[in-house]
Amino acid sequence: MEIREATASDAAAIRTIAHDSLNSTYTSFLAEETIDDAIEQWYGDSFVDDLEDDRVVFLVVEDDDDEIVAFSQSELVGQQINAGHLLWLHVHPDHRDSGTGVRLLVRTRETLLEKGADEIQCFVLEDNEIGNEFYRAHGFEQADQREIEIGAETFTENVYVESDLEDDGEWGAIDEVTVDGETVYVSYGEAARGSKAPFYTAYRTEERAERYAWLCGNCDSIDNAMDAMGRIECNNCGNRRKATRWDSAHL
């Protein structure tokens with residue numbers, strides 16, 4: 001699995017995923033024609049221009065067959081305080097319940113912070129129970145509501161906020177993952193930057209009593225080694241983390 005910034009050549013795949021995701025999730029309270037109008041409104045030909053905007057963040061997820069299976073759409077808003085708005089996070093229905101959404105959320109959050117966001121806000125329709133639970137389970141609290149227009153109809157959208165963004169070493173929920181023939185519990189919020197993709201903390205048990213390994217975000221392997229200085233190298237793909245900064249005072 002690879003998470004990368006979207007390019008203009010990804011436009012058709014993004015549009016297809018949005019169509020299939022919306023039809024899978026929203027048909028209980030959105031008419032089919034409303035969804036079609038929304039796809040045209042948000043992902044028509046002009047949306048490719050957004051990919052060139054420095055304050056817009058489009059990330060896509062590619063599976064092992066180089067097929068795009070998910071994407072997120074975010075933007076930076078504001079001058080004095082930069083708010084990172086996560087507008088959409090879509091996972092194709094055939095690739096849900098595999099941790100893809102969590103990893104995309106984590107990477108989107110990391111990218112927005114790197115681009116200067118002081119606060120992360122997520123938006124999900126009030127009637128989307130699964131989407132609301134997803135954000136609540138991963139460190140966000142509902143802070144507000146707003147009205148949005150989809151097609152010719154008006155809907156209520158919940159606003160979720162994560163502020164106080166000091167890194168406390170533990171963020172979000174934990175997922176059970178089978179990797180390299182073992183079942184581990186991965187905290188995608190406990191990430192360390194790698195040369196190709198982040199490394200994520202993996203535990204033996206859901207209670208996070210003791211770190212067991214690092215999951216390589218580039219190749220989904222836990223076959224890696226760490227030295228005394230905190231350097232990590234994946235033995236499968238060569239993804240590396242530099243030595244940790246263990247003393248920033250230098251006194």
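All chains use their own residue numbering, which begins from 1 and follows the written sequence. Given that this is a predicted model, residues contribute local features only at a pLDDT of at least 70 and side-chain atom pairs are listed and counted only at 80 or more, while totals for whole chains, interfaces and linings are drawn from all residues. For the side-chain quantities, the full set of heavy atoms in the structure was used; hydrogens and water were omitted.

Some details on the overall build of the chain
Then comes step 1: Strands here are runs of E lasting at least two residues and helices are runs of H or I lasting at least four, both read from the DSSP assignment and numbered beginning at the N terminus. For the chain, the helix and strand inventory stands at 4 helices and 14 strands.
Then comes step 2: Exposure is judged per residue with a 1.4 Å probe applied to protein chains only, and the accessible area is read against the type maximum: over 50% gives exposed, under 20% gives buried, and values in between give partly exposed. Residues counted as buried form 49% of the 251 residues belonging to the chain.
Then comes step 3: The long-range share in the chain, meaning contacts at least 24 apart out of those at least 6 apart in sequence, stands at 50%.
Then comes step 4: Here the open area of atoms and residues is found with the Shrake-Rupley method and a 1.4 Å probe, where only the protein chains shown may cover a residue. For the chain, the accessible area works out to roughly 13,300 Å², and carbon and sulfur atoms hold 41% of it. Here a residue-residue contact requires only that any non-hydrogen atoms of the pair lie within 4.5 Å.

Details of the side chain of Ser 72
Then comes step 1: Within the element layout of this structure, Ser 72 appears in strand 3 (residues 68-77).
Then comes step 2: Side chain to side chain, Ser 72 and Thr 108 meet in a polar contact 2.8 Å long.
Then comes step 3: With sequence-adjacent residues up to four places away left out, Ser 72 is seen in contact with Val 57, Phe 58, Leu 59, Trp 88, Leu 89, Leu 104 and Thr 108. Distance and chemistry together define a polar contact, namely a pair of N or O atoms within 3.5 Å, with one atom able to donate a hydrogen and the other to accept it when in protein, and with adjacent residues in sequence counting only for side-chain atoms on both sides.

Quick look at the pairing of strand 4 (residues 83-91)
Then comes step 1: Burial analysis of strand 4 places 9 of its 9 residues in the buried class, the great majority of the element.
Then comes step 2: Pairing between two strands is assigned when DSSP locates at least 2 bridges connecting them. Relative to strand 4, strand 3 runs antiparallel, the two being bridged by 8 bridges. Within strand 4, the position partnered with Phe 71 by the bridge is His 90.
Then comes step 3: Where strand 4 lies against strand 5 (residues 119-125), 4 bridges are found, and the strand directions are parallel. Counterpart to Leu 86 in the pairing with strand 5 is Cys 122.

Re the confidence of the model for the chain
Detailed reading of the predicted coordinates is not advisable wherever pLDDT falls low.
Then comes step 1: One confidence number per residue, pLDDT, is output by the predictor and ranges from 0 to 100. Averaged over the chain, the pLDDT score is 81; the fraction of residues at 70 or greater is 87%.
Then comes step 2: Ranking the helices and strands of the chain by mean pLDDT puts strand 2 (residues 56-62) first, with 92, and strand 9 (residues 182-192) last, with 79.
Then comes step 3: Below a pLDDT of 50 lies the segment residues 165-169, which in the model reaches 7 contacts outside its immediate sequence neighbourhood of four places, other chains included.
Then comes step 4: Low pLDDT, under 50, characterises residues 243-251; the stretch is placed with 6 contacts to residues that sit more than four places away or in other chains.

Concerning the pattern of salt bridges
Then comes step 1: Each reported salt bridge corresponds to a side-chain nitrogen of Lys or Arg within 4 Å of a carboxyl oxygen of Asp or Glu. Throughout the structure, instances matching the rule amount to 7 salt bridges.
Then comes step 2: A salt bridge links Glu 133 to Arg 136; its shortest N-O distance comes to 3.4 Å. Of this pair, Glu 133 and Arg 136 both sit in helix 4 (residues 129-137), separated by 3 residues, roughly a single helical turn.
Then comes step 3: The class for Arg 136 is partly exposed, based on a relative accessible area of 44%.

Section: the nonpolar core
Considering soluble globular proteins, one finds that nonpolar side chains tend to be buried as a cluster.
Then comes step 1: The definition of a nonpolar core used throughout is a set of buried Ala, Val, Leu, Ile, Met, Phe, Trp, Tyr and Cys residues joined through side-chain atoms within 4.5 Å. Residues Ile 14, Tyr 43, Phe 58 and Phe 71 are the most contacted members of the largest nonpolar core, which totals 29 residues.
Then comes step 2: Among all residues touching Ile 14, those that are not within four sequence positions of it are Ala 6, Tyr 43, Phe 47, Phe 58, Val 60 and Phe 71.
Then comes step 3: Among the nonpolar cores identified, the runner-up in size contains 21 residues, and Met 1, Leu 86, Ile 120 and Cys 122 belong to it.

As for helix 1 (residues 11-25)
Then comes step 1: Compared with an ideal rise of 1.5 Å per residue, which puts 15 residues at 21 Å, helix 1 spans 21 Å between its outermost C-alpha atoms and is within 8% of the ideal.
Then comes step 2: For helix 1, the set of buried residues is Ala 11, Ile 14, Ile 17, Ala 18, Ser 21 and Leu 22. Taken around the axis of helix 1, the buried residues stretch over an arc of 125 degrees, which confines them to a single face.
Then comes step 3: Elements in contact with the buried residues of helix 1: helix 2 (32-43), strand 2, strand 3 and strand 4. Residue count minus one, scaled by 1.5 Å, sets the expected span of a helix. Think of the arc as the fan of directions from the helix axis to the C-beta atoms.

Description of the sheet that holds strand 14 (residues 240-241)
Then comes step 1: With antiparallel pairing, 3 strands are arranged side by side in an open sheet as 12-13-14. What marks the edges here is a single partner per strand, and that holds for strand 12 (224-226) and strand 14.
Then comes step 2: Two strands pair when backbone bridges link them, and strand 12 and strand 13 (residues 232-234) are joined in this way by 3 bridges, in the antiparallel orientation. Residue Asn 224 lies in a different strand from strand 13, and its bridge partner there is Cys 234.

Quick word on unusual backbone geometry
Then comes step 1: At Asp 180, a position not held by glycine, the phi torsion is positive, near 50 degrees.
Then comes step 2: Turning to its location among the elements, Asp 180 is positioned in the loop between strand 8 (175-179) and strand 9.
Then comes step 3: On the basis of relative accessible area, Asp 180 is assigned to the partly exposed category, the value being 45%.
Then comes step 4: With a phi close to 60 degrees, Asp 220 is a non-glycine residue in the positive phi region.
Then comes step 5: On the secondary structure map, Asp 220 appears in the loop between strand 11 (211-216) and strand 12.

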